[in-house]
Amino acid sequence: MKLRLVKLEPKYRPQLEEMLAEWTNEQDAPYSIRKNDYRDFDHYLANLEVKEATEHLVPDSTYFCLDEEQNVFVGAVNIRHRLNEGLLRTGGHIGDGVRPSWRGQGVATRMIALALVKCKQLGIDRVLMVCNKDNPASARSIQKNGGVLENEIEADGVVQQRYWINLQTHYDFFQNRDCEYFPCHPGADPETFSCLFCYCPLYCLGDRCGGNFTYTDSGVKDCTHCLRPHRRENYGSICNSMSAVLELAKKKREKS
């Protein structure tokens, strides 16, 4: 799975129609991609985004999440460029949704990470995301991207959780674009590639590292195609695995 956010254009019409035809429960889809009939493509494309603010709407950007390996849309995100009173209460900066057949595979977590890069480019330093309390999967995808729960509110009889993600002090992401090797893994997206773990701290765990590795004919572990330590959303799991690294180091000291 190789995900990238793209703006809708005519060449992606088949991917759009295939995804939305599967998305029979419209309430699960971001409002921005279901507010108009996708079968009238020209009208749909022309009215997909809000260009100018109105009394109730703010300018926004809608991106579709493309899996480049299978050439299909797997979800979508809508980014509001600023918050009005309603969005500050229950809407937030980002609305996202994953198509039904792709749920449970980590798409939402990855898609939010990509959306946060877009937010940073828009100059948004603190990102608000809101989800229903009875949707723990959505909450986890927000938390994995640094979301901190501020409070819970009730809106229209539904308890909603409000999370803030601070992009100014986001310690789980760093880039060194001046490095001659950046990005140092083939096929990596330079917009989302994190250099925080330049050398993977879990390499010593061998086949227990959880990454996408192979072994060469000579028995050397090859991590060329592994991006696990270079994705923002994996920061927490990398840190949680350090206890295994410390335990391994302890055993080696005891043997020496």
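Residues numbered from 1 in each chain as written. Predicted model: local features only at pLDDT ≥ 70, side-chain atom pairs only at ≥ 80, totals over all residues. Heavy atoms only, no water.

1. A look at the environment of Thr216
And then number 1: The topology assignment puts Thr216 in the loop between strand E8 (214-215) and strand E9 (221-222).
And then number 2: Among the polar contacts made by the side chain of Thr216, one reaches the side chain of Ser218 at a distance of 3.0 Å. (Helix = DSSP H or I, 4+ residues; strand = E, 2+ residues; numbered from the N terminus. Polar contact = N/O pair within 3.5 Å; in protein donor to acceptor, adjacent residues only side chain to side chain.)

2. A closer look at the pairing of strand E3 (residues 72-80)
And then number 1: In terms of burial, E3 is a largely internal element, nine of the nine residues being buried.
And then number 2: Sheet analysis places strand E2 (residues 60-67) next to E3, joined by eight bridges and oriented antiparallel. From the neighbouring strand, Phe64 faces E3, where its bridge partner is Ala76.
And then number 3: Between the end of E2 and the start of E3, which pair antiparallel, lie four residues, with Asn71 showing a positive phi angle near 55°.
And then number 4: As paired strands, E3 and strand E4 (residues 94-98) are joined by five bridges and run antiparallel to one another. When the bridges of E4 are listed, Gly75 appears paired with Val98. (Buried < 20%, exposed > 50% of the residue type's maximum accessible area, 1.4 Å probe, protein only. Pairing = 2+ DSSP bridges.)

3. Considerations on the sheet that holds E4
And then number 1: Taken together, four strands build an open sheet; the order of strands is E1-E2-E3-E4 and the sheet is antiparallel. Looking along the sheet, the strands with just one partner apiece sit at the ends: strand E1 (3-6) and E4. Going across the sheet, the axis of each strand differs from the next one's by a mean of 20°, ignoring polarity.
And then number 2: Lying over the sheet, helix H1 (residues 13-22) contacts E2 and E3, oriented at roughly 90° with respect to E3.
And then number 3: Packing against the sheet, helix H5 (residues 107-121) makes contact with E1, E2, E3 and E4, and its axis sits at approximately 150° to E4. (Axes fitted to C-alpha atoms, helices over the stretch in contact; angles between N-to-C directions. Contact = heavy atoms within 4.5 Å.)

4. Concerning unusual backbone geometry
And then number 1: With an omega dihedral of -20°, the bond running from Phe182 to Pro183 counts as a cis peptide bond.
And then number 2: Structurally, the position occupied by Pro183 is in the loop between strand E7 (158-166) and E8.
And then number 3: Not every positive phi belongs to a glycine, and Asn71 is a case in point at roughly 55°.
And then number 4: One non-glycine residue, Asp156, lies in positive phi territory at about 55°.
And then number 5: When you line up the elements, Asp156 lands in the loop between strand E6 (148-155) and E7.
And then number 6: Its relative accessible area of 83% is what places Asp156 among the exposed residues.

5. Observations concerning the packing of aromatic side chains
And then number 1: On inspection of all chains with the given rule, the structure shows five aromatic pairs.
And then number 2: Here Phe182 and Phe193 contribute two aromatic rings whose centre-to-centre distance is 5.8 Å and whose plane-to-plane angle is 80°, an arrangement assigned as edge-to-face. Placement of Phe182 in the loop between E7 and E8 and of Phe193 in the loop between E7 and E8 is noted, with a sequence separation of 11 residues between them. The same class applies to Phe182 as to Phe193, namely buried.
And then number 3: With a centroid separation of 5.6 Å and an interplanar angle of 80°, the aromatic rings of Phe213 and Tyr215 are classed as edge-to-face.
And then number 4: A residue is classified by how much of its surface remains accessible, and Tyr215, at 44% relative accessible area, is partly exposed.
And then number 5: Taken together, Tyr12, Phe64 and Phe73 form an aromatic cluster joined through their ring pairs.
And then number 6: Against the face of Trp164 rests Arg126, its NZ or CZ located 4.1 Å from the ring centre. (Phe/Tyr/Trp six-rings, centres within 6.5 Å; stacked < 30°, edge-to-face > 60°. Lys NZ or Arg CZ within 6 Å of the ring centre and 35° of its normal.)

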